[in-house]
Amino acid sequence: MPDNLFVGKSIPRTIEADKVTGKAVYIDDLKRPGMLYGKILYSSHAHARIKSIDTSRAERLEGVRAVLTGRDIPDVRVGFLKDQTVLKRDVVRQYRDEVAAVAAIDPDIAAEAVRLIKVEYEQLPAVFDPYEAMKEGVPLVHEVDARGRPLKSNILPLPWKFKAGDIDQAREDSAFISKDRVSTTWVNQCCMGTSGCIAEFDQNNNLTLYDQTNVIFGHIGRITEYFEQIGLRGKKIRVVNPVVGGSFGTKLDTDIYEFIAIQLALKTRKPVKILFDREEEFFALPPRQPTVFTIEQGCDREGRLLFRHCEAVLDNGAYTSWGATTPSVMIMPMSSLYRVPNVYFKATCVYTNNIYAQAMRGYGNPQATFAVETSMDSLAEAAGIDPAEFRLINRNRPGDHTPMNLKITSCGLEECITAVKEKLDWDEKREEGRGVGMASLIHVAGGARVTKSDGHGIMIKLDEYGHVDVIESGTDQGQGSPTVISQIVAEALGVRPEDIFLTFGDTALALWDAGTHASRHTFMAGNAAIGACAKAKRQILEMAVEQIPKIIKRDFKRKKRKDPGFVEPDLDFTLIANPEDLDIRDRMIFPKKDPDHPYFKIPLTQVLRNGLHVGIGQSKVVVAEEFYDPPTEMLNWEMKGNLSMTYAFGTSGVEVEVDKETGEVKILKLVSAHDVGKAMNPTLLLGQIYGAAYTGVGYGLTEEIKVRNGRVMNPNFRDYQMLTAMDVVPIEPVIVEPMDEDGPFGAKGVGEPGLVPTAPAIANAVYNAIGVRITDLPITPEKVLKALKEKG
Amino acid sequence: MKKVSISFTLNGNSVTAEVPETWTLLKTLREYFELTGAKEGCGVGECGACTVIMDGQAINSCLCPIPEVEGRSVDTIEGLAGEDGTLHPLQDAFLKNNGVQCGYCTSGMIMSSKALLDQKPDPTEEEIRTAIAGNFCRCTGYVQIVESVEMAAKELK
């Protein structure tokens, strides 16, 4: 097997040159003829009854084309639990509730019109603390459920529960036990490109939605369901991605603004764009939700984990989006990060009048791993074992079947922990105020069967000039897929990356896809591409078997005409008798048995041209598709099942210096070690690791949406502290490549893992440095000082 | 709305914009000249996605009222590549070194970096980080952006 020409190489992102020249068209930049601009009026209260809405002044404003309230559109419930409507008619349950919407000829007029709408409210008692909200007699966020049945409690009907083994027995058998309570807060995904879409209907009421989403086919299901209830049954929906300015989980669901754009477009018969401003992005986009964990673990005298018991409470906010399903992902680290035979996990999602939550990079895993890894350090201390050693004792190993029935195939966790130890000089004695900490992760890295299909489709066609069109069913949200997929296709087909032209994000062109989430794109698209390329290659080689002899004979004829003395060489045509005898590499077709054959080695384009322009009614084109759906399992009712083909492992190690005067935590070094299967493009891979780790540092130290009585208090970059280039974090990446047998060229997913263990590693390092444990994120100077003071 | 007529140099060419006096430079670039490389990431000068160069200085074009541009010289990302399409070393370095991911911050990031390199051809890492301190990026963790600027600086020498 010759070496790869492109896979594993740091091919530049030349295919994305439009992004460095200002040519890339984001939703901000996209205009449609006659397009109107939509704007939303949000609630002024956390919980209130709408007494009246006066839209008359807004309607009279010049340039306004439509004003909608809940009374103007069908009262149809949407969302994961169907617990809200598009525009709220009677009751608002959070500050971001959509009360009215306007379409106007320019954004300024739309904004002015929204200001002119007068709403009278009657305030209702509200509840903001999830523990408070679980008590009896507190205000109910929802009086009835989706079917109109009265509700008695704010607890969601989502009983997330996982059980394996015998916790009571294991607790009895444990030599050491630790208990911790940790909590995480709201953080915003902070896509630099804010949310937005353009809804456009054709004359027959078929919808095209230009949308900043990463789950294009997810929209189709949800909007189809909505259409069925508003009199548009059977209409076609096409979702098209412009260039997506980041996603990080924000766009998994169909959000309310998207339904509003659809309603405004229906009303006005014009394309309508809604584009969030930054303030809306902070308060009207569902962020990562807060979670409180109580976690208990026990181990035997040798430090082997015997049980893990954890209960979580999630502040769901007023409505339900994918945030409420993050416990399904939390079960993965809870049951399967390190070997632990007896596990109990229960998560309770509680309605409050706070903002509701969505997915963010890691999808519940960063929260849960913060709990598990805090507890790992506590238990290691209780057992008197070095935290790194404790993790090595309990590490996952290739071939493990975890209590959740995850089948661990490749696993580089040992190498990751060991690398972190080495790179941090783990055993070194440190001066006062300095410390080290580590945390590991497990994450899906070979798809994630969270819906019944975890499929991903690719179509490939070649033209007679050797251009390869790849119709990809996923979304390019900046992760580098255009480059990586072109490397894979070039390698598998035998062409060059610059021959590849990718079309992402268009449901009308692409086969189905479960979504560009769960770190699944390279794995799924890679495997689909390899399958499609094999089919295309077969077609090309069949063509070659027919065409090469003809090409050669024609060539000889020409030579004879030019030079009557030319003597035809005696060629062994059995070398190219069957498609199996041939191969393609670097744009050339050649016989396998004689790769440099002076006559049979022929440019691919020559065969393609001859195959198409036959002239006798037998012309052929090369086109192939592959829909890859891996043999994985949905979680069963016990929340068990092998939902991914493979799993990513990694370890973050951090050295910190804590200033006891100011409480500030300085990261002196961050080692980010990851088992990636195979580095498809080392430079791009590092970008994923750096970016994710950085977001993890923000999660650990600075980032928090401050929500007071339901209202977001810091909806801007001045007050929400995302890290800037001045926050220098010296990151040292370590790449572990065990080569996964199911991955394309051995690769596993890498998008989310870098974020997951970073915050707990920092927390553990802070503890190591100053002897106080900060158990609620982020670890701000105020919290450090307070904890130091309490310690005395 | 009262319109003003503003003449200035845009990417080396003399231009005149007739736009409402309340418009910003960013809005004028995007709406009047249809140069959409500069982005409105926040609209209040916090994120740097709208960065352009005015008279040699990197500025947030979302904060710059259009009357202030009269007689000035403005450079945007669209003017950076050569007429034949040859990329500027900064653009090339961002592609080679993964300084770009989703790309939304990239125009601003490159323009801030260009203003720096025009003044300091051999910047330290700290000078690079200071120059892009007002340009937010969620994708990269800034590491490969800083490396890209370093790579371009070497190339330009």
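The residue count restarts for each chain, going from 1 along the sequence in the order it is written. Throughout, the order in which chains and ligands are written sets their labels, letters from A for the former and numbers from 1 for the latter. In view of the model being predicted, local features appear only for residues whose pLDDT reaches at least 70, and side-chain atom pairs are presented and counted only at 80 or more, with totals across whole chains, interfaces and linings using the full set of residues. Each side-chain value is worked out from all heavy atoms of the structure, with water and hydrogens disregarded.

**Q** Explain the overall build of chain A here, please?
**A** Counting from the N terminus, the helices are the DSSP runs of H or I reaching at least four residues and the strands are the DSSP runs of E reaching at least two. Looking only at helices and strands, chain A features 18 helices and 30 strands. Put simply, the radius of gyration uses C-alpha atoms, and a globule should come to 2.2 Å times the residue count raised to 0.38. Here the C-alpha atoms of chain A give a radius of gyration of 29 Å, agreeing with the 28 Å that 2.2 N^0.38 yields for 792 residues. In terms of principal-axis extent, the alpha carbons of chain A reach across some 100 × 75 × 50 Å. Counting the 792 residues in chain A, one finds 64% classified as buried. The long-range fraction of contacts in chain A, counting pairs at least 24 apart against all pairs at least 6 apart in sequence, stands at 80%. Per-residue and other accessible areas were derived by the Shrake-Rupley procedure at a 1.4 Å probe size, with only the shown protein chains allowed to occlude residues. Carbon and sulfur atoms make up 49% of the accessible area of chain A, which totals about 29,500 Å². Counting 96 positive and 108 negative side-chain charges, chain A places the centres of these two groups 4 Å from one another. For every residue, the accessible area (1.4 Å probe, protein chains only) is compared with the maximum for its type, and the residue is labelled buried under 20%, exposed over 50%, or partly exposed between those bounds. We call two residues in contact whenever any of their non-hydrogen atoms come within 4.5 Å of each other. Charged residues are defined narrowly, with Lys and Arg counted positive, Asp and Glu counted negative, and His plus the chain ends left uncounted. For the purpose of locating charges, the reference atoms are NZ of Lys, CZ of Arg, CG of Asp and CD of Glu.

**Q** Even after reading the chapter, I still don't get the sheet that holds strand β13 (residues 237-240) of chain A, so can you show me in this structure?
**A** Each strand in a sheet pairs with another by means of backbone hydrogen bonds, the pair being arranged parallel or else antiparallel. All names here are of chain A. At least two bridges found by DSSP between two strands is the condition for calling them paired. Spatial strand order, β3-β7-β1-β14-β11-β12-β13: 7 strands in an open sheet with mixed pairing. Whereas interior strands pair on both sides, the edge strands pair on one side only; in this sheet they are β3 (64-69) and β13. Between one strand axis and the next, the sheet turns by 20° as a mean value, whatever way the strands run. Note: strand β1 (residues 36-42) against strand β14 (residues 272-275), 2 bridges, orientation parallel. Paired with leucine 36 across the two strands is valine 272, which belongs to β14. Note on geometry: axes are C-alpha line fits, over the in-contact stretch for helices, and angles between N-to-C directions span 0 to 180 degrees. Together, β11 (196-201), β12 (207-211) and β13 form the strand contacts of helix α6 (residues 216-229), whose direction differs from that of β13 by roughly 150°. Sitting on the sheet, helix α7 (residues 256-268) is in contact with β1, β3, β7 (98-104), β11, β12 and β14, with an inclination near 30° to β11.

**Q** Explanation requested: the domain arrangement of chain A in the structure shown.
**A** Buried accessible area, meaning the area lost when the parts come together, often serves as the stated size of an interface. Residues and elements named next belong to chain A. Domain delimitation in this document rests on an assignment produced automatically or drawn from a domain database. What the domain assignment lists for chain A is domain 1 (36-124 + 195-275), domain 2 (291-450 + 634-791) and domain 3 (455-628). Just the C-alpha atoms count here: the centres of domain 1 and domain 2 sit 36 Å apart. On the domain 2 side, the residues contacting the 23 residues of domain 1 number 19 residues. Salt bridges are identified by distance alone: a Lys or Arg side-chain nitrogen within 4 Å of an Asp or Glu carboxyl oxygen. The tally of links from domain 1 across to domain 2 stands at 0 salt bridges.

**Q** Please clarify how unusual backbone geometry should be interpreted in this entry.
**A** Residues and elements named next belong to chain A. In the segment running from leucine 777 into proline 778, the intervening peptide bond is cis, with an omega of -5°. Counting through the fold element by element, proline 778 comes out in the loop between α17 (758-770) and α18 (781-791). Positive phi values are uncommon outside glycine, yet aspartate 425 reaches one of about 45°. As for its placement among the helices and strands, aspartate 425 is situated in the loop between α12 (413-423) and β18 (434-444).

**Q** I tried to follow the nonpolar core on my own but got confused; where do I start?
**A** Note on soluble globular proteins: their nonpolar side chains tend to be buried together. All names here are of chain A. Counting residues in hydrophobic clusters, the biggest one holds 203 residues, and the most contacted among them are Phe227, Phe293 and Phe345. With 9 residues, the single largest contributor to this core is α7. Beyond its immediate chain neighbours, meaning those up to four positions away, phenylalanine 227 contacts Phe201, Leu207, Leu232, Arg233, Lys235, Ile237 and Ile262. Side-chain atoms within 4.5 Å link the members of a nonpolar core, which is a set of buried Ala, Val, Leu, Ile, Met, Phe, Trp, Tyr and Cys residues. Grouped together as the second largest cluster of nonpolar side chains are 55 residues, Val470, Ala536, Ile576 and Ala747 included.

**Q** I tried to follow α7 of chain A on my own but got confused; where do I start?
**A** Because an α-helix packs 3.6 residues into every turn, residues spaced three or four apart end up facing the same way. Residue and element names in this part refer to chain A. For a helix, the expected span equals 1.5 Å multiplied by the residue count minus one. Between its first and last C-alpha atoms α7 spans 18 Å; for 13 residues at 1.5 Å apiece the expected length is 18 Å, and the two agree. When you tally the buried positions in α7, you get 12 out of 13 residues, the bulk of the element. Arginine 269 lies just past α7 and shows a positive phi near 60°.

**Q** Looking at this structure, how should I read the side chain of threonine 254 of chain A?
**A** Residue and element names in this part refer to chain A. Within the secondary structure, threonine 254 sits in the loop between β13 and α7. For threonine 254, a relative accessible area of 6% puts it in the buried group. Looking at threonine 254, its side chain comes within polar contact range of the side chain of histidine 219, at 2.7 Å. Side-chain atoms alone can form a polar contact between residues adjacent in sequence; in general such a contact is a pair of N or O atoms within 3.5 Å, and within protein one must be able to donate a hydrogen while the other accepts it. Polar side-chain contacts of threonine 254 include one of 2.7 Å to the side chain of arginine 222. Setting aside anything within four residues of it in sequence, one finds threonine 254 in contact with His219, Arg222, Ile223 and Phe259.

**Q** Could you clarify how one ought to interpret the sheet that holds strand β8 (residues 118-123) of chain A in this entry?
**A** All names here are of chain A. Spatial strand order, β6-β2-β8: 3 strands in an open sheet with antiparallel pairing. Strand pairing shows two members of the sheet lacking a second neighbour, β6 (91-92) and β8, which therefore form its edges. Note: strand β2 (residues 48-54) against β8, 6 bridges, orientation antiparallel. In the strand pairing of β8, isoleucine 53 is matched with valine 119.

**Q** What is the right way to look at the domain arrangement of chain B in this model?
**A** Residues and elements named next belong to chain B. On domain assignment, one finds that chain B holds domain 1 (3-79) and domain 2 (89-156). Contact residues are listed per partner, giving 18 residues for domain 1 and 13 residues for domain 2. Summed over both partners, the interface of domain 1 with domain 2 comes to about 1,200 Å²; 58% of that surface belongs to carbon and sulfur atoms. When the area that domain 1 buries against domain 2 is broken down by residue, the three leading residues are Thr51, Ile53 and Ile77, summing to 40%. The interface formed by domain 1 and domain 2 contains 0 salt bridges. The interface formed by domain 1 and domain 2 contains 7 residue pairs in polar contact (both at pLDDT 80 or more). Elements with a contribution of two residues or more to the side of domain 1 that touches domain 2: β3 (51-54) and β4 (57-60). The term buried area refers to how much accessible surface (probe radius 1.4 Å) is lost by two components on association, counted for both of them together.

**Q** Would you mind going over the packing of aromatic side chains with me for this structure?
**A** Each aromatic ring pair is described using two quantities: the centre-to-centre distance and the angle formed by the ring planes. Each Phe, Tyr or Trp ring, with Trp reduced to its six-membered ring, pairs with another whose centre is within 6.5 Å; inter-plane angles below 30 degrees give stacked pairs, above 60 give edge-to-face pairs, and intermediate values give tilted ones. Enumeration over the complete set of coordinates arrives at 18 aromatic pairs over all chains. The interplanar angle of 50° and the centroid separation of 5.3 Å between the aromatic rings of phenylalanine 573 of chain A and phenylalanine 600 of chain A together place this pair among those described as tilted. Taken as a pair, phenylalanine 573 of chain A in the loop between α14 (521-562) and β22 (582-585) and phenylalanine 600 of chain A in the loop between β23 (588-591) and β24 (602-603) lie far apart in primary sequence, 27 residues in all. Given a relative accessible area of 0%, phenylalanine 600 of chain A falls into the buried group. Arranged with centres 5.9 Å apart and planes meeting at 90°, the rings of phenylalanine 8 of chain B and phenylalanine 33 of chain B form a pair that is edge-to-face. Residue phenylalanine 8 of chain B is found in strand β1 (residues 3-10), and its partner phenylalanine 33 of chain B is found in the loop between α1 (25-32) and β3; the two are separated by 25 residues along the sequence. Among the aromatic side chains, those forming a connected cluster through ring pairs are Phe282, Phe717 and Tyr720 of chain A together with Phe136 of chain B. In this scheme, the term charge over a ring applies when either NZ of a lysine or CZ of an arginine sits within 6 Å of the ring centre and within 35 degrees of the ring normal. Its end group placed over the ring of tyrosine 699 of chain A, arginine 288 of chain A keeps NZ or CZ at 5.2 Å from the ring centre.

**Q** Teacher, can you tell me more about the confidence of the model for chain B here?
**A** Regions with low pLDDT should not have their predicted coordinates read in detail. pLDDT is a residue-level measure of predictor confidence that goes from 0 to 100. Per-residue pLDDT for chain B has a mean of 97; in total, 100% of the residues score no lower than 70. Across the interface, the model reports ipTM at 0.98; the global pTM reads 0.97.

**Q** I tried to follow the side chain of threonine 369 of chain A on my own but got confused; where do I start?
**A** All names here are of chain A. Position of threonine 369 relative to the elements: it lies in helix α10 (residues 365-383). A polar side-chain atom of threonine 369 sits 2.6 Å from a polar atom in the side chain of asparagine 365. The contacts of threonine 369, once residues within four sequence positions are left out, are Pro333, Leu337, Thr374, Ser440, Val756, Pro757 and Pro760.

**Q** When you look at the interface of chain B and chain A in this model, what are you seeing that I'm missing?
**A** Each partner contributes residues to the interface: chain B has 42 residues there, and chain A has 50 residues. Summing both partners gives a buried area of about 3,800 Å² for chain B against chain A, and 58% of it is carried by carbon and sulfur. Summed over the shared surface of chain B and chain A, the result is 6 salt bridges. Between arginine 30 of chain B and aspartate 29 of chain A there is a salt bridge, with its nearest N and O atoms 2.7 Å apart. Inspection of the region where chain B meets chain A yields 28 residue pairs in polar contact (both at pLDDT 80 or more). Looking at the side of chain B that touches chain A, the elements that each hand over two or more residues are α1, α2 (89-96), α3 (106-119), α4 (125-131) and α5 (143-156) of chain B. Here the element with the most residues in the side of chain B that touches chain A is α2 of chain B; it accounts for 4 residues. Taken together, the residues of the side of chain B that touches chain A sort by class into 17 nonpolar, 14 polar and 11 charged. Gly counts as polar in this scheme, as do all residues outside two lists: the nonpolar Ala, Val, Leu, Ile, Met, Phe, Trp, Tyr, Cys and Pro, and the charged Asp, Glu, Lys and Arg.

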